[in-house]
Amino acid sequence: MIPGYFLRRGAELAVLAAIVAACLLDGAAQAKDPVPLPPLRRSIPAASPIIPLPRPRPTIPLPGEVVTEPAGPSECQLRMTTDIALIEPLHHITGANGCGIEDPVRLSAVMTKDKVRVAITPAATLRCTMAEALTNWIREDVAPIAATLGAPLGGVANFDSYECRGRNRVFGAKISEHGKGNAIDIKSLTLANGRSYELTDITVSKPMREQLKASACARFTTVLGPASDGFHENHVHVDLAERHSGYRICQWAVRDASDLIPLPRERPADAPPREP
Ligand SMILES: [Zn+2]
């Protein structure tokens, strides 16, 4: 009995030792070759427009919000194929005080015409048509303009997208276009070489930022930056607000250092000659 017991016990210990050794080896291999992150969830492949989008991710409603599953992908979502952007459809959001989005998507990346993936960080929750306008701007204007800085565009920093709030976060103010998923605040651009450029940084190329402003004002009905209303000194807001008169707002003072340091006054003609 006793020798048999020890034999069985010994065999069990050997198996246990083998398992521990295998785990240690596996751990070492994992440390050397980290497990890659799962690929991004894809939207519609470009060549197969009939393949349906994945079911919208269930949205956890905030207090006062109601979310409903849409009947199917909208025409806008069908246009946003994977060769243009990576989107994820969301449930319709009906918020309090007139907030909400009828056709919301989460935009996580834009694909440039050179097939470079431009990450939107964090991913932006927007009305699909706003996501499409932003995508077109990034693909057709922002990427080529940013590339003049020396490397392809790699990322866009999203400062704020959908948020149920009053304009400029003022309580009781008219609902901001952010509350309709119709606006995004952009902080900076990052190039593929890792360098970041804030849109309101006076040391960043002024001609480049002037081009960004001109292109934004041509596409969006509202563009607000520094010197607009005091709430946009460190980012740029763009939206697609609809106004009866077709009125557009383009207020972004693109400044550089010369705008902040006053030039010396011109020397009066009758001033005494300078000391040598
Ligand atoms: Zn904004």
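Going along each chain's sequence as written, the residues are numbered from 1 onward. pLDDT decides what is reported in this predicted model: residues at 70 or higher carry local features, side-chain atom pairs at 80 or more are listed and counted, and totals for whole chains, interfaces and linings draw on all residues regardless.

> Explain the overall build of the chain to me, please; I cannot follow it from the model alone.
A helix here means a DSSP run of H or I that spans at least four residues, while a strand means a run of E at least two residues long, and both kinds are numbered starting from the N terminus. Looking only at helices and strands, the chain has five helices and 12 strands in total. Buried means a residue has 20 or more other C-beta atoms within 10 Å of its own C-beta, exposed means 12 or fewer, and partly exposed covers the counts in between; C-beta atoms are placed from the backbone. Among the 276 residues that make up the chain, the fraction classed as buried is 30%. Residue pairs are scored as contacts if the distance between their C-beta atoms, which are placed from the backbone, is within 7 Å. Sequence separation of 24 or more characterises 64% of the internal contacts of the chain that already satisfy a separation of 6 or more.

> Looking at this model, I keep getting lost on the sheet that holds strand 1 (residues 66-68). Mind explaining?
Sheets are built from strands that pair by backbone hydrogen bonding, the pairs being arranged parallel or antiparallel. With antiparallel pairing, the three strands of this open sheet are ordered in space as 1-3-4. Looking at which strands have only one partner, the edges of the open sheet turn out to be strand 1 and strand 4 (100-101). Two strands are said to pair when DSSP picks up at least two bridges between them. Pairing analysis gives two bridges linking strand 3 (residues 92-94) to strand 4, with the strands arranged antiparallel. Each bridged residue has a counterpart across the sheet, and for Ile93 the counterpart in strand 4 is Ile101.

> It is not clear to me how the environment of Pro207 should be interpreted in this structure. Could you clarify?
Following the sequence through the fold, Pro207 ends up in helix 4 (residues 206-219). Taking the C-alpha atoms as reference points, Pro207 and Asp256, separated by 49 residues in sequence, lie 9.9 Å from one another.

> What am I meant to see in the pairing of strand 6 (residues 117-127) here?
Every regular strand shows the same layout, with side chains that alternate between the two sheet faces. Inspection of the sheet shows strand 5 (residues 104-111) paired to strand 6 by seven bridges, in the antiparallel sense. Counted as the bridge partner of Pro104 is Arg127 from strand 6. Adjacent in sequence and paired antiparallel, strand 5 and strand 6 are bridged by five residues, among which Lys115 carries a positive phi angle near 65°. Two strands pair when backbone bridges link them, and strand 6 and strand 7 (residues 153-160) are joined in this way by three bridges, in the parallel orientation. When the bridges of strand 7 are listed, Thr121 appears paired with Ala157.

> Help me out: how do you make sense of helix 4 in this one?
For an α-helix, the turn length of 3.6 residues means that residues three or four places apart are oriented alike. Working rule for helices: expected span equals 1.5 Å times residues minus one. For helix 4, which comprises 14 residues, the first-to-last C-alpha distance of 20 Å matches the rise-based estimate of 20 Å (1.5 Å per residue) to within 8%. Among all positions in helix 4, only Arg209, Leu212 and Ala216 are buried. Along the long axis of helix 4, the arc covered by the buried residues comes to 55°, so they all point the same way. Opposite the packed face of helix 4, turned more than 90 degrees from it, sit the exposed residues Pro207 and Ala218. Elements in contact with the buried residues of helix 4: helix 3 (128-146), strand 10 (222-224) and strand 11 (236-239). The directions from the helix axis to the C-beta atoms form the arc being described.

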